[in-house]
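# Analysis of the macromolecular model
Here's the letter readout for the chains.
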Amino acid sequence: MLFIALISCNSMLQPPRFISLLGGALATSILLSGCLGNPPSRTTTDSKPVSIVANPNLETQTISLGFIPILEAAPLVIGVEKGFFAKHGLAVNLSKQASWGAARDNVVLGSGGGGIDGGQWQLPMPQMISEGAITNGKKVPMVILAMLMSQGNGIAASNSVKNGNLSVDLKTSSPGFFDQFSQKQGRKFKAAYTFPKANQEIWIRYWLAAGGVNPDQAVELLKVPAPETLQGMKNGTMEAFSTGDPWPTRISKDNIGYLAATTAQIWKVHPEEYLAVRADWVDKNPKAAVALLKGLIEAQMWLDKPENKDEAATILSSRKWYNVPLPVLQASLKSQYKIGASGTPETNLTMGPLYWNSDRGVISYPYKSLTLWFLIESIRWKFFPGTLDTIEQARAINDKGTREDLWRQAAKEVGVPEKDIPKGTSRGKETFFDGIVYDPENPQAYLSALKIKK
Ligand code: CA
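Numbering of residues begins from 1 in every chain and follows the order in which that chain's sequence is written. Thresholds applied to this predicted model are a pLDDT of at least 70 for local features of residues and 80 or more for the giving and counting of side-chain atom pairs; totals over whole chains, interfaces and linings are not thresholded and use all residues.

## Brief notes about the overall build of the chain
- Per the convention used, a helix needs a DSSP run of H or I reaching at least four residues, while a strand needs a run of E reaching at least two, with both numbered from the N terminus. A count of helical and extended segments in the chain gives 19 helices and 16 strands.
- Burial analysis of the chain (454 residues in total) assigns 53% to the buried set.
- Here, residues touch in the contact sense if the C-beta positions derived from the backbone fall within 7 Å of one another. Long-range contacts, defined as pairs at least 24 residues apart, comprise 73% of the intrachain contacts of the chain with a sequence gap of at least 6. In this scheme the burial state of a residue depends on its C-beta neighbours within 10 Å: 20 or more other such atoms mean buried, 12 or fewer mean exposed, and anything in between means partly exposed; the C-beta positions come from the backbone.

## Quick look at the confidence of the model for the chain
- When pLDDT is averaged along the chain, the result is 90, and 89% of the positions lie at 70 or above.
- Each residue carries a pLDDT value, the predictor's own confidence for that position, ranging from 0 to 100. Scored below 50 in pLDDT, residues 1–46 shows 77 contacts in the model against residues more than four places distant or in partner chains.

## Quick look at helix H4 (residues 100–109)
- The set of residues buried in H4 consists of Trp 100, Ala 103, Arg 104, Asn 106 and Val 107. Down the axis, H4 shows its buried residues gathered within 165 degrees of arc, on one side only.
- Its buried side turned inward, H4 meets strand E3 (62–67), strand E5 (118–121), helix H5 (125–131) and strand E12 (274–278). Comment: arc refers to directions from the helix axis out to C-beta atoms.

## Focus: the sheet that holds E12
- Spatial ordering of the open sheet is given by E4-E3-E5-E12-E6, a layout of 5 strands whose pairing is mixed. Pairing within the sheet leaves two strands with one partner each, and these edge strands are strand E4 (91–96) and strand E6 (142–147). Strand-to-strand, the axes of this sheet are offset by a mean angle of 25 degrees, without reference to chain direction.
- Two strands are counted as paired when DSSP detects at least two bridges linking them. Relative to E12, E6 runs antiparallel, the two sharing 5 bridges. Each residue of the ladder has a partner; that of Met 142, found in E12, is Arg 278. Interaxial angles span 0 to 180 degrees and are taken between N-to-C directions of axes, which are lines fitted to C-alpha atoms, for helices over the stretch in contact.

## As for the nonpolar core
- Note on definitions: a nonpolar core is a set of buried residues drawn from Ala, Val, Leu, Ile, Met, Phe, Trp, Tyr and Cys, linked by C-beta atoms within 7 Å. Ranked by size, the top nonpolar core spans 137 residues in total, and within it Val 77, Leu 145 and Leu 293 carry the most contacts.
- Element by element, the count of residues in this core is highest for helix H13 (residues 286–304), at 11 residues.
- In this document the domain limits rely on a domain assignment from an automatic tool or a database. Lining this core are residues from two domains, each supplying at least three of them: domain 1 (18–150 + 272–304) and domain 2 (153–267 + 340–347).
- Contacts of Leu 145, omitting those with residues within four sequence positions, involve Leu 275, Ala 276, Val 277, Ala 289, Leu 293, Pro 366, Arg 403, Leu 406 and Trp 407.

## Concerning the environment of Phe 181
- Mapped onto the elements of the fold, Phe 181 is located in helix H7 (residues 177–185).
- Judged by local crowding, Phe 181 falls into the buried class, with 22 C-beta atoms found within 10 Å.
- When the C-alpha positions of Phe 181 and Ala 218 are compared, they lie 9.6 Å apart, and in sequence the two are 37 residues distant.

## Things to note about helix H2 (residues 74–81)
- A large share of H2 lies buried, amounting to 8 of its 8 residues.
- Within H2 the residues assigned to the buried category are Ala 74, Pro 75, Leu 76, Val 77, Ile 78, Gly 79, Val 80 and Glu 81.
- In this structure, the buried residues of H2 make contact with E3, helix H3 (84–87), E4, E5, H13 and helix H14 (309–317).
- Once H2 ends, the next one or two residues include Gly 83, with phi positive near 75 degrees.

## So, the packing of H2 against H13
- At a closest axis distance of 8 Å, the pairing of H2 and H13 adopts a crossing angle of 105 degrees. Relative to H13, H2 is oriented roughly perpendicular. Mapping the contact onto sequence places Ala 74, Pro 75, Ile 78 and Gly 79 in H2 and Gly 295, Leu 296, Ala 299, Gln 300, Trp 302 and Leu 303 in H13. Convention used here: angles under 35 degrees read as roughly parallel, angles over 145 as roughly antiparallel, angles from 65 to 115 as roughly perpendicular, and any remaining angle as oblique.

## Digging into the packing of H13 against helix H18 (residues 404–413)
- Where H13 contacts H18, the axes come no closer than 8 Å and their chain directions differ by 60 degrees. Here H13 lies oblique to H18, going by the angle between them. Of the two elements, H13 crosses H18, and the hand of that crossing is right-handed. Listed contacts from H18 to Ala 289, Val 290, Leu 293, Lys 294 and Ile 297 of H13 are Leu 406, Trp 407, Gln 409, Ala 410, Ala 411 and Glu 413.
- Along the lines of polarity and charge, the residues of the contact of H13 with H18 split into 8 nonpolar, 1 polar and 2 charged. Rotating anticlockwise by less than a right angle from the far helix to the near helix defines a left-handed crossing, while the corresponding clockwise rotation defines a right-handed one. Basically, the charged four are Asp, Glu, Lys and Arg, the nonpolar ten are Ala, Val, Leu, Ile, Met, Phe, Trp, Tyr, Cys and Pro, and anything else, Gly included, counts as polar.

## A word on the pairing of E12
- Here E12 lies mainly inside the structure; 5 of its 5 residues are buried.
- Judged from the 4 bridges that link them, E5 and E12 form a sheet pairing that is antiparallel. From the neighbouring strand, Gly 119 faces E12, where its bridge partner is Ala 276.

## Some thoughts on the pairing of strand E10 (residues 240–244)
- For E10, the buried fraction is high: 5 of the 5 residues fall into the buried class.
- Burial along E10 is two-sided: the face carrying Ala 240, Ser 242 and Gly 244 and the face carrying Phe 241 and Thr 243 are both buried.
- Alignment of strand E7 (residues 153–158) against E10, held across 5 bridges, turns out to be antiparallel. Its bridge partner being in E10, Ala 157 is matched across the sheet by Ala 240.
- In the sheet, strand E8 (residues 189–193) pairs with E10 via 3 bridges, with the strands oriented parallel. Bridging across to E10, Ala 192 finds its partner in Phe 241.

## Focus on the environment of Thr 243
- Within the fold, Thr 243 resides in strand E10.
- Sequence spacing of Thr 243 and Gly 154 is 89 residues, and the spatial spacing of their C-alpha atoms is 5.9 Å.

## Some words on the environment of Leu 370
- Within the secondary structure, Leu 370 sits in helix H16 (residues 368–380).
- Sequence separation of Leu 370 and Glu 430 is 60 residues, and the distance between their C-alpha atoms is 9.1 Å.
- Every residue in contact with Leu 370, bar those within four places of it in the chain, is listed here: Pro 271 and Arg 427.

Set out below in structure tokens:
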């Protein structure tokens, strides 16, 4: 049973309205000390209470964010547990979302309506929530504030298709496999993701299409909630699954399947999931938004340090957060993978989850060139006809939904060296494993170069 004490300088006890809304989900325990001479006291939760450093400059002292228990959410969890948000005066109420659809529905409600103000997202979910394309037409403008993590995702394949020897480069490793599968099984190969028309579906589509496999013809794509994937792969619900760790690592550690490809192999230092918040919250609370980013940046720097990986794994593995065996999270945070049907061990920190540093600069910065890519891929696959059909529409949607200025301010205030703060909105040209180049200055050339599309 979680108990929440929320004490602020303005009101002794704000109604902890979100307790009932979270149900069995998580809530952080928050103590705001230093006000009215209140001595810090402990709550009855099983975690250490974090003292919020009073910051009267902030428009609000709380924000409610949602997360999905995969590695992408680690900076949010660590920001709460290690007190990085509290240090900047912000109490982050972090609640586990039952699914991506639940997160979407909760952000439409907003914290005032019993939901959340924002949180962790696969792209282009926040842009499409802004446009009303995945919310039954209800437009809830959102802004992207930071990238949470790069890499750390993968495509796991079932042991039942070990003979297919699926790898990142299907043309080389598995020529003709998918057609042979259909002929032999009398049905198509099933490939799953956790939410349609977002990151995970985009990765699996990119991978198949780069291998000459048309994802709309040669396979069956389906949505499966992450917790059902272990059993689903065992009983043949699907042959492949695209998601963030710990799931691919669990599948290979439990000997249910193997890691066919990592997203880092598909596109090194690719954009993955993002922190995005309702625009009305950011407009009303710009200083608190900067405080949120300051805590996030510090959490990402902390997570990236090799000496902190074990502690991070211990925190994340707990029942309160991910409830996943510790060795699984240790392996995935330390980039200890077993790659391919042969299960070749590979430890390469540059190919695992990245939270801060990379050879392409800081991970956290919300480059518009990268958030645009998900919209361009959405055009490629005709995900949102009527809302997103042209590159001009993609640019307009992207421009209004990304706030790089707040990130720069936060980075400056938290002491990020000037050289690490990007000056522009583009990370430049991006190259995929199959040689395709995405030039954000010319997305049409990218679309034209792709052989398989809708
Ligand atoms: Ca992901």
